[in-house]
Amino acid sequence: MDSFDVVVIGAGAAGLFCAGVAGQRGLKVLLLDHGERIAEKIRISGGGRANFTNRDLDVRAPQRHFIGDNPNFCRSALSRYTPQQFIALVQRHGIAFHEKHKGQLFCDGPSQQIIDMLLAECAAGGVTHWQPCSVGAVSWSDDGGYAIQTGRGAVRTPRLVVATGGLSIPQIGASDFGYRIATQFGLRVITPRPALVPLTFGGEAWEPYAGLAGLALPVQIETGSKKERMAFHEDLLFTHRGLSGPAVLQISSYWKPGAPLTLDFAPGTDVAAALSEAKQRSRKRIGNELAAWVPSRLADAWVGQDAALQRPINEAADRALAALAERIARWQITPSGTEGYKKAEVTAGGVDTRDLSSQTLESKQPGLYFIGEVVDVTGWLGGYNFQWAWASAHACAQALVAQ
Ligand code: FAD
């Protein structure tokens with residue numbers, strides 16, 4: 001039976017990076033993945049340009065950009081491997097990049113460059129890479145460590161790193177392998193759920209908006225009651241089945257089924273005052289006045305639902321204008337659900353951080369580590385999820401080397 005110092009299962013962002021670092025520090029590493037193609041998620045990320053990190057991540061309080069049952073868990077790894085360190089690696093490999101929005105760094109060229117960089121790092125560390133290679137049963141014994149059945153025969157190792165990611169985009173190889181291994185060894189798993197995902201709306205209430213697919217506009221979006229309130233100021237996109245765009249993807253990670261979302265189409269404006277001022281000076285139809293705040297297609301959808309608004313603004317009742325102001329500044333809608341794992345960028349939940357060390361990512365089961373998205377740490381949109389993959393992989397690799 002082949003024997004390795006470390007076996008890493010999952011050659012995505014976290015697994016590739018961990019294997020490369022551990023290999024370069026002298027460990028004999030085997031990296032396994034069942035996928036036909038390498039690191040598909042990196043390839044499709046950031047619209048094909050990989051938003052590989054975020055410059056705005058505050059390394060003194062990184063938990064602000066992450067969710068999980070214990071939001072502080074991610075601090076140790078993220079403060080010890082920073083966006084600047086990953087940027088330096090990207091620069092060493094001559095990969096050109098640019099900042100797009102709110103600290104988000106994207107490759108100028110295809111995201112394949114990041115994959116090639118990680119593969120070069122693995123090659124420099126002499127990593128053995130079996131892909132595609134199925135992974136079967138994993139067993140453990142006190143004296144021999146882990147025995148792993150694979151499509152290329154059984155292998156043995158004292159240290160096993162699980163980097164198999166979450167459930168998002170099953171069509172490119174996502175699986176529940178990591179959760180199953182965690183459960184097998186008695187570790188807890190926080191129920192996974194789709195996150196950074198478009199939200200769907202159904203029924204009669206949504207009918208007037210069904211024709212707005214493709215419409216995009218900036219909004220302030222919020223959900224949650226007082227203490228748990230979360231808000232984002234980002235672009236909203238109407239889709240055929242509901243809402244998407246950065247605003248909705250961000251809020252989806254915090255949204256609880258049955259809870260409403262509140263949207264403000266004119267953040268910072270006293271819309272009620274502006275409408276009553278318009279009533280004094282204008283004879284335009286209300287739909288046309290609304291163009292100051294929202295695209296005309298959305299204004300038409302609103303006005304079309306209410307006969308009291310289908311008139312010149314100077315003839316509108318104060319009550320109707322007050323209701324309209326409320327709709328512009330506090331539009332409340334309740335999603336019927338999400339688009340699910342097929343469209344979710346990440347999976348929230350995962351291996352319970354109470355059963356992992358935040359310093360090393362080792363679990364309560366000796367020699368068994370979990371890194372990347374399989375862990376109950378989920379980042380905001382904007383490069384934070386990759387930064388968690390790099391940082392957790394680095395913390396784990398350092399611990400493997402130190403042993
Ligand atoms: P993954 O990268 O998912 O890798 C897991 C690997 O494990 C895969 O290669 C898979 O084949 C393998 N595997 C799974 N099950 C098994 C098994 N049973 N046996 C063997 N191998 C297995 N994040 C950002 O920060 N910036 C972005 O721009 C961005 N864009 C995204 C766009 C899309 C469309 C999606 C879906 C995600 C995006 N993300 C982005 C999220 C990011 O891709 C993930 O958070 C990140 O890839 C997680 O890294 P990981 O190594 O933990 O898991």
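Since the structure is predicted, the reported quantities are computational estimates derived from the model, not experimental observations.

**Looking at helix α11 (residues 318–329)**
Note on helix geometry: an α-helix contains 3.6 residues per turn, so any two residues three or four positions apart are oriented the same way. Taking 1.5 Å per residue, 12 residues should reach 16 Å; α11 reaches 16 Å between its end C-alpha atoms and fits that length. Burial in α11 covers these residues: Ala320, Leu321, Leu324, Ala325 and Ile328. One face of α11 carries all of its buried residues, which in axial projection span an arc of 140°. As for α11, its buried residues are in contact with β18 (261–264), α8 (271–281), α9 (286–289) and α10 (296–303).

**Structural notes on the site of the ligand**
Taken together, 28 residues lie around the ligand, and Ala14, Asp33, Ser175, Glu373 and Phe386 are the ones closest in. Take aspartate 33: an N or O atom from its side chain is 2.6 Å from an oxygen atom of the ligand. Separating an oxygen atom of the ligand from a backbone N or O atom of glycine 46 is a distance of 3.1 Å. Counting residues per element, the ones that place at least two in the shell around the ligand are α1 (13–24), α2 (40–44) and α12 (384–402). Per-element accounting of the shell around the ligand gives the leading share, 3 residues, to α12. A class-by-class count of the residues in the shell around the ligand yields 11 nonpolar, 13 polar and 4 charged.

**A few points about the side chain of threonine 200**
Locating threonine 200 in the fold gives a position in strand β14 (residues 199–200). Judged by its relative accessible area of 8%, threonine 200 falls in the buried class. Among residues more than four places away in sequence, those in contact with threonine 200 are Arg241, Gly242, Pro335, Ser336, Gly337, Thr338 and Glu339.

**Examining the layout of surface pockets**
By volume, the second largest pocket amounts to about 610 Å³. Every element with two or more residues in the lining of the second largest pocket is listed here: β5 (66–67), β13 (189–195) and β21 (346–351). At 3 residues, β13 tops the list of elements feeding residues into the lining of the second largest pocket. Looking at side-chain class alone, the lining of the second largest pocket contains 11 nonpolar, 9 polar and 7 charged residues. There are two domains that each give the lining of the second largest pocket at least three residues, and those are domain 1 (2–194 + 348–402) and domain 2 (199–338).

**Quick look at unusual backbone geometry**
For the bond running from glutamine 131 to proline 132, omega is -5°, close enough to zero to count as cis. Along the chain, the position of proline 132 falls in the loop between β8 (128–130) and β9 (135–141). The phi dihedral of alanine 39 falls on the positive side, at around 50°, and the residue is not glycine. Considering the arrangement of structural elements, one finds alanine 39 in the loop between β3 (29–32) and α2. Looking at alanine 39, the relative accessible area reads 6%, which means it is buried. If you check the backbone angles, leucine 361 has positive phi at about 70° while not being a glycine. Structurally, leucine 361 can be placed in the loop between β21 and β22 (368–370).

**Some words on the sheet that holds β18**
Strands sit in the order β19-β18-β15-β16-β17-β14-β20 across an open sheet of 7 strands; the sheet is antiparallel. If you trace the sheet from one side to the other, it starts and ends with β19 (331–333) and β20 (337–338), each paired once. Examined bridge by bridge, strand β16 (residues 230–238) and strand β17 (residues 242–244) share 2 bridges and lie antiparallel to one another. Bridge pairing links leucine 237 to serine 244 in β17. Running at roughly 135° to β16, helix α7 (residues 245–252) makes contact with β14, β15 (216–223), β16, β17 and β18 of the sheet. Across the sheet, α11 touches β18 and β19, and the angle it forms with β18 is around 105°.

What counts and what doesn't
- Residues numbered from 1 in each chain as written.
- Predicted model: local features only at pLDDT ≥ 70, side-chain atom pairs only at ≥ 80, totals over all residues.
- Heavy atoms only, no water.
- Helix = DSSP H or I, 4+ residues; strand = E, 2+ residues; numbered from the N terminus.
- Expected span 1.5 Å × (residues − 1).
- Buried < 20%, exposed > 50% of the residue type's maximum accessible area, 1.4 Å probe, protein only.
- Arc of directions from axis to C-beta.
- Contact = heavy atoms within 4.5 Å.
- Near = heavy atom within 4 Å.
- Polar contact = N/O pair within 3.5 Å; in protein donor to acceptor, adjacent residues only side chain to side chain.
- Nonpolar A, V, L, I, M, F, W, Y, C, P; charged D, E, K, R; others polar.
- 1 Å grid on protein atoms, 1.4 Å probe; cavity = no way out; pocket = protein on both sides within 12 Å on 5 of 7 lines; lining within 4 Å.
- Points joined across faces, edges and corners; volume = space filled by probe spheres on them.
- Domains from an automatic or database assignment.
- Pairing = 2+ DSSP bridges.
- Axes fitted to C-alpha atoms, helices over the stretch in contact; angles between N-to-C directions.

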